[in-house]
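# Remarks on the overall topology
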Amino acid sequence: MLNINIYRYNPEQDKFPYMMNYEIEKPEKDIMVLDLLHLLKENDPSLSFRRSCREGVCGSDGMSINGKNGLACITALSDALKGDRLDIRPLPGLPVIRDLVVDMTQFYNQYEKIKPFLQNDTTPPEQERLQSPADRDKLDGLYECILCACCSTSCPSFWWNPDKFVGPAALLQAYRFLADTRDLEKDSRLDDLADPFSVYRCHGIMNCVAACPKGLNPNKAIGEIKTMLLKGKSSKNIIASDGVTA
Amino acid sequence: MTNIINANNIKTLEFDALIIGGGGAGMRTSLELAKSGLKTAVVSKVFPTRSHTVSAQGGITCAIQSADPNDDWRWHMYDTVKGADFIGDQDAIEYMCSEGPKAVFELEHMGLPFSRFDNGRIYQRPFGGQSKDFGKGGQAARTCAAADRTGHALLHTLYQNNIKEGSNFLNEWFAVDLVKNSKNEVTGVIAFSIESGEVAHLKAQATVLATGGAGRIYASTTNALINTGDGLGMSLRSGFAAQDMEMWQFHPTGIYGAGSLVTEGCRGEGGYLVNGEGERFMERYAPNVKDLAGRDVVARSMVLEILEGRGCGEKKDHVYLKLDHLGADVLNSKLPGICELSKTFAHVDPVYHPIPVVPTCHYMMGGTPTNIHGQAFTRINSEDVTVPGLFAAGEAACVSVHGANRLGGNSLLDLIVFGRAAGTFIQKELSSGGGVESASNSDIDNSLERLNKLNESSSGHETAPVKKELQTCMQNYFGVFRRGEFMEKGVAELEEIRNKAENLYLSDKSAAFNTSRVEALELQNLVEVAEATAISALHRNESRGAHARDDFPDRDDDNWLCHSVFDPNDKSLSKRVVNFAPKTMEAFPPKVRVY
């Protein structure tokens, strides 16, 4: 028997959230945590969670699985279980709508804030803009982000300042456009980030790296942004506006 | 939400254009409309980047003359017509292939991170069914790729540019049913916010169905869990026709047991299939192009190998996709996502071991019939009649560029070319005063019936077991190979399943993020799509493209060189002529299809 505990909260019925215990036979073959949630939902249709692609590319089912953020659909039960026990909670730090479903507005706001689109006002050629394979390689490890929020919601700095600290996911995307040779707004992008909170609340805790289900490294991207800020003109204002060193 | 909802107690949100679905087709349409100044909204049941376009891997096929400077969109058109087994509309295919390059370059200008050749141009790889010089010049390499994550890159790029243009999104809103006025025009939808449960009448002059496919009618599919044919379900319930619904593509390489897609790009890069005896069996079925034959051809060959006892594994019920000979460098640079998926779902590292694969339901060639502007039409007394106010684009639509079998890489092209075309057309039509009359309160109440019935249910069937029954039925009777007597049994079973699905019991009546309610409504959409599929398949007495019948093994051009049109009102099937009149060239006449 597996001992499963799932965070439950229905705003219409529950004054406070609680952990609900489910007992279920251990499946004969290894399944994913998402499959397990589906099994539980067959018996308890009131259990709510997001899911879509069920193969780790859409980013819907980020959740805290035995204390570690990950995607339920690509986390094998055998890897997640501690003995026979499994605790599943919503991603930490964001408001809970219901059960395992969190309100991701703050997360998306940070994403939109970094202007996550290519900026190049020159008249495009009739064909594509050219980019060498080496320059294109600079985008690897950046563009693959699926916006699941596993990284940002594992980050204590984001928990503390979700409105002002851009957070690892959006900073990874900020760097994705800073690194793109086709983008011509590097200076204004850096200017937008040149304050004490947007980037510099990252203290290299590296939870983001540990949490990313796609094996990406937001911490490294943030380091690159910090370097660009320090080398660029934008860095001068940072300390002055805050009074404390970043 | 336990009280009866009616036109008087829900709010109305008014738009010029409404796009149902936030995948590639929907977001390409909305992008076009965002620039127009029209008031538009994208209604998506998931946050847009969770849409199924994200799972597309191998690429977008288009004659951009990068891998081959002499490439020609007419060659692409020839391949597509042949791949479709000659029931794709040639005017639409001509439009898609000739407009394609412009649409792909636009995506690049928007920032899509395509892989590159050394000269800096977009990387293109070979895909199945591709040729040079109208089939006479050997294999082409025409599929533009961002590694093996092209769909992800495309979807995110479109979302990003919609942010840039300030598009309006109703995210995590579920569209329940179309609203029609007394003249049978579509005037919007009934929808509810999944987060709050609030129901609203979304009123619009133009409603675009961009709801994607419905692969979840089958038990084994590469499709996301959200691919439940919601748009088609709504239009069928409204009495509008569906075209070519018997045509479902089974992708040769779904991961055995899990169903996840393994891109055709694997074979494009040099991978190949082997049977239980280690034989590269596609050499026997398609001596010229082998593993890069049309998907229908490869899928059938695989099933025959398995049926004849030459499968792999203990149960001999799958075959292997061999990639290890390509080497770690190629696999890691060109197919990194596949390596990841294979390790997660098949527990094999393709650098060392072959991936176990089986043909898996992948794509709906049929859908709501449209012209190249995205205008939906239906059939009244054997005449095509456009439905004012209703549009469709992408997999939900049947324009028809894929006919009886879609070529790999053509779905992403379909999305952007026809998403864009629909946006342009709607903009033009609405700015020149086109539009529809408002629906009355009783029209709106009609569209609320299904939701009310579910919300008021006090007994009935559970959603999950009925869904399983449906999927098993479709898998058993309407799979890669089909036979009349089995399909008749399937159609009968579906009648029972429909009865159950129309009487579901929603035990949880709560408002906030009630996924049970969504799943029940989705199941009812799946049933509509499954029924249209089953009846269309039963009636087409021939084998063509993806529709392969044991009892009618040959293609029958005398009787069936036509579209099938399913009428949901009396559940009948009629025939519609295929377009053989491209604008700038001679049509490609039907011929024997060999690879």
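Quick caveat: nothing in here was measured; it's all calculated off a predicted structure.

## A word on the confidence of the model for chain B
When pLDDT is averaged along chain B, the result is 97; 100% of the residues meet or exceed 70. Scored as a complex, the prediction yields pTM 0.97 and ipTM 0.96.

## Details of the pairing of strand S16 (residues 375-380) of chain B
Residues and elements named next belong to chain B. Burial within S16 is extensive, with five of its six residues counted as buried. With five bridges joining them, S16 and strand S17 (residues 383-392) adopt antiparallel strand pairing. Among the inter-strand pairings, Thr378 is bridged to a residue of S17, identified as Val385.

## Some thoughts on the packing of helix H6 (residues 167-178) of chain A against helix H7 (residues 186-193) of chain A
Residue and element names in this part refer to chain A. Two numbers describe how H6 lies on H7: the axes approach to 10 Å, and their chain directions differ by 160°. Taken together, H6 and H7 sit at an angle that is classed as roughly antiparallel. The two elements H6 and H7 meet at a crossing, and its hand is left-handed. Contact with H6, carried on its side by Leu171, Ala174, Phe177 and Leu178, involves Lys186, Arg189, Leu190 and Leu193 of H7 and no other residues of that element.

## Considering the interface of chain B and chain A
Between chain B and chain A, the contact holds 62 residues from the first and 59 residues from the second. For the pair chain B and chain A, the summed buried surface comes to about 4,900 Å²; carbon and sulfur atoms form 50% of the total. Among the residues chain B hides against chain A, the three largest losses belong to Arg50, His109 and Leu225 of chain B. Together they make up 14% of the total. Inspection of the region where chain B meets chain A yields eight salt bridges. Linking Glu340 of chain B and Lys214 of chain A is a salt bridge whose minimum nitrogen-to-oxygen distance equals 2.9 Å. Here chain B and chain A share 40 residue pairs in polar contact (both at pLDDT 80 or more) between them. Going through the elements one at a time, helix H3 (90-110), helix H4 (150-165), helix H10 (336-346), helix H13 (463-477) and helix H15 (515-539) of chain B are the ones with two or more residues in the side of chain B that touches chain A. A total of seven residues in the side of chain B that touches chain A trace back to one element, the largest contributor, which is H4 of chain B. Among the residues making up the side of chain B that touches chain A, the classes are represented as 25 nonpolar, 21 polar and 16 charged.

## A word on the packing of aromatic side chains
For the structure on display, the rule yields 14 aromatic pairs over all chains. Ring centres of Phe134 of chain B and Phe588 of chain B lie 5.9 Å apart, and the angle between their planes is 45°; this geometry places the pair in the tilted category. With a gap of 454 residues between them, Phe134 of chain B in the loop between strand S4 (124-125) and strand S5 (143-144) and Phe588 of chain B in the segment after strand S22 (572-577) connect regions that are remote in the sequence. With relative accessibility at 12%, the residue Phe588 of chain B sits in the buried group. Grouped by ring-pair contacts, the aromatic residues Phe107 and Tyr108 of chain A together with Phe47, Tyr159 and Phe169 of chain B constitute a single cluster. A cation sits over an aromatic face here: Arg176 of chain A above Phe177 of chain A, 4.1 Å from the ring centre.

## Some words on the sheet that holds S5 of chain B
In a beta sheet, neighbouring strands pair by backbone hydrogen bonds and run either parallel or antiparallel. All names here are of chain B. One open sheet accounts for three strands, arranged S3-S5-S4; its pairing is antiparallel. Each end of this open sheet is capped by a strand with a single partner; those strands are strand S3 (60-61) and S4. Relative to S5, S4 is paired through two bridges, and the arrangement is antiparallel. Bridge assignment links Gln124 to a residue of S5, and that residue is Cys144.

## Focus on the nonpolar core
For soluble globular proteins, nonpolar side chains are generally found buried alongside one another. Ile225 of chain A together with Ile60 and Val104 of chain B are the most contacted members of the largest nonpolar core, which totals 135 residues. Domain assignment of the residues forming this core places at least three in each of domain 1 (2-102) and domain 2 (105-231) of chain A. Among all residues touching Ile60 of chain B, those that are not within four sequence positions of it are Val104, Leu107, Phe114, Arg142, Thr143, Cys144, Thr150, Leu154, Gly409, Leu412, Leu413 and Ile416 of chain B.

## What to know about the side chain of Arg379 of chain B
All names here are of chain B. Among the structural elements, Arg379 can be located in strand S16. Here the side chain of Arg379 touches Asp384 through a polar contact of 2.9 Å, side chain to side chain. Excluding residues within four positions of it along the chain, Arg379 makes contact with Ala241, Asp384, Val565, Ser574, Lys575 and Arg576.

## Quick look at the sheet that holds strand S11 (residues 248-255) of chain B
Residue and element names in this part refer to chain B. Spatial ordering of the open sheet is given by S11-S14-S13-S12, a layout of four strands whose pairing is antiparallel. The outermost strands of the open sheet, each flanked by one partner alone, are S11 and strand S12 (272-274). Between one strand axis and the next, the sheet turns by 50° as a mean value, whatever way the strands run.

## Things to note about the pattern of salt bridges
Inspection of every chain in the model, using the stated rule, returns 64 salt bridges over all chains. A salt bridge links Glu128 of chain A to Arg121 of chain B; the shortest N-O distance between them is 2.9 Å. Pair noted here: Glu128 of chain A is in the loop between helix H3 (105-113) and helix H4 (133-137) and Arg121 of chain B is in the loop between H3 and S4, and the two residues belong to different chains.

Basis of the calculations
- Residues numbered from 1 in each chain as written.
- Chains lettered and ligands numbered in written order.
- Predicted model: local features only at pLDDT ≥ 70, side-chain atom pairs only at ≥ 80, totals over all residues.
- Heavy atoms only, no water.
- pLDDT = per-residue confidence, 0-100.
- Buried < 20%, exposed > 50% of the residue type's maximum accessible area, 1.4 Å probe, protein only.
- Helix = DSSP H or I, 4+ residues; strand = E, 2+ residues; numbered from the N terminus.
- Pairing = 2+ DSSP bridges.
- Axes fitted to C-alpha atoms, helices over the stretch in contact; angles between N-to-C directions.
- Parallel < 35°, antiparallel > 145°, perpendicular 65-115°, else oblique.
- Left-handed = near helix turned anticlockwise from the far one by under 90°.
- Contact = heavy atoms within 4.5 Å.
- Buried area = accessible area lost by both parts, 1.4 Å probe.
- Salt bridge = Lys/Arg side-chain N within 4 Å of Asp/Glu carboxyl O.
- Polar contact = N/O pair within 3.5 Å; in protein donor to acceptor, adjacent residues only side chain to side chain.
- Nonpolar A, V, L, I, M, F, W, Y, C, P; charged D, E, K, R; others polar.
- Phe/Tyr/Trp six-rings, centres within 6.5 Å; stacked < 30°, edge-to-face > 60°.
- Lys NZ or Arg CZ within 6 Å of the ring centre and 35° of its normal.
- Core = buried A, V, L, I, M, F, W, Y, C linked by side-chain atoms within 4.5 Å.
- Domains from an automatic or database assignment.

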